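Observations on chain architecture
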Amino acid sequence: KLTQNIRQSQPIENSEPSFFVEGQKLDEQLSQLEKLAVEKALDNNLGNKSNTATELGITRMRLDRLIEKHSVIFEKKWTKG
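Definitions and limits used
Residues numbered from 1 in each chain as written. Predicted model: local features only at pLDDT ≥ 70, side-chain atom pairs only at ≥ 80, totals over all residues. Heavy atoms only, no water. Salt bridge = Lys/Arg side-chain N within 4 Å of Asp/Glu carboxyl O. Helix = DSSP H or I, 4+ residues; strand = E, 2+ residues; numbered from the N terminus. Buried < 20%, exposed > 50% of the residue type's maximum accessible area, 1.4 Å probe, protein only.

So, the pattern of salt bridges
Note on pairing: side chains with opposite charge can pair once their charged atoms come close. Counted under the stated rule, the structure contains six salt bridges. Across the salt bridge formed by K69 and E34, the nearest N and O atoms sit 3.1 Å from each other. Within this pair, whereas K69 is found in helix α4 (residues 60-69), its partner E34 is found in helix α2 (residues 26-44), the two being separated by 35 residues in sequence. Its relative accessible area of 55% is what places K69 among the exposed residues. Of the charged contacts in the structure, one is a salt bridge between E39 and K35, with a shortest N-O distance of 4.0 Å. Of this pair, E39 and K35 both sit in helix α2, separated by four residues, roughly a single helical turn. According to the relative accessible area criterion, K35 is partly exposed, its value standing at 29%. Through salt bridges with shared partners, a single ionic network connects E34, R62 and K69.

Structure below.
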């Protein structure tokens, strides 16, 4: 789903994607993009990790590892109904 969203986004004319930094190594750029994707998905899902993992197409365990790896801080904005 994430790659579909990236493909559908329209770049600003004559510009590089915002995550591209001249001279930065590919693994660093991918890591930044990964962190951004996790943060955005968590925000979209009001901090619900199960829904976030589903949106990203990964397991909840992998999401927890990514949150720890990137030191992602988020606020749980949903409550069980």
